[in-house]
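A look at the structure
Take a look at the letters that make up each chain.
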Amino acid sequence: LINIDQEEAVSNLDRSFDGILESFHRLYDVTKKAPGFEYFSCGDTSLLIVLRNAIHHRDHSLFISWNSMMRENGGVNRPVF
């Protein structure tokens, strides 16, 4: 798909990543009060939760989609030099 429609391919990747983060967050919601694992005491699980919340709540400009960045900068076919 990347060779046929780059925008659609990147959009699919963005949605897939969002889906993975949402799935992990559902697991976190169900098990956060279960004894035996502290999500925020481990860097990797803490980062996933913070990333998901940042993307989900969209309350800052840390995450900008590649597609919108390309539209603002003239697209992928614009000369770089």
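The present account deals with the structure reproduced in this document. (Residues numbered from 1 in each chain as written. Predicted model: local features only at pLDDT ≥ 70, side-chain atom pairs only at ≥ 80, totals over all residues. Heavy atoms only, no water.)

Within the secondary structure layout, I20 lies in helix α1 (residues 6–31). As a C-alpha pair, I20 and L48 span 28 residues in sequence and 9.8 Å in three-dimensional space. (Helix = DSSP H or I, 4+ residues; strand = E, 2+ residues; numbered from the N terminus.)

Within this structure, the stated rule accounts for three salt bridges. With a closest N to O distance of 3.2 Å, R52 and E22 form a salt bridge. With R52 in helix α2 (residues 43–57) and E22 in helix α1, this residue pair connects regions lying 30 residues apart in the sequence. Judged by relative accessible area, R52 falls into the buried class, the value being 9%. Classification of E22 as partly exposed rests on a relative accessible area of 26%. (Salt bridge = Lys/Arg side-chain N within 4 Å of Asp/Glu carboxyl O. Buried < 20%, exposed > 50% of the residue type's maximum accessible area, 1.4 Å probe, protein only.)

Mapped onto the elements, H25 comes out in helix α1. Residue H25 is classed as buried on the basis of its relative accessible area, which comes to 9%. What H25 contacts, discounting residues up to four positions off in sequence, is I49, R52 and N53. (Contact = heavy atoms within 4.5 Å.)

Turning our eyes to something else, we now look at the side chain of T45. Its location among the elements puts T45 in helix α2. Setting aside its immediate chain neighbours within four residues, T45 contacts F24, F37 and Y39.

Our next topic: the packing of aromatic side chains. For any pair of aromatic rings, the description consists of the separation of the ring centres together with the inter-plane angle of the planes. Within this structure, the stated rule accounts for four aromatic pairs. Considering the side-chain rings of Y28 and Y39, the 5.0 Å spacing of their centres and the 85° angle between planes classify their relative orientation as edge-to-face. Separated by eleven residues along the polypeptide, Y28 in helix α1 and Y39 in the loop between α1 and α2 bring together distant segments of the chain. Overall, the relative accessible area of 13% leaves Y28 in the buried class. Among the residues examined, Y39 registers a relative accessible area of 9% and is labelled buried. Note on F37 and Y39: the rings are 5.0 Å apart at their centroids and 85° apart in plane angle, and the pair reads as edge-to-face. Among the residues examined, F37 registers a relative accessible area of 36% and is labelled partly exposed. In this structure an aromatic cluster arises from ring pairing among F24, Y28, F37, Y39 and F40. (Phe/Tyr/Trp six-rings, centres within 6.5 Å; stacked < 30°, edge-to-face > 60°.)

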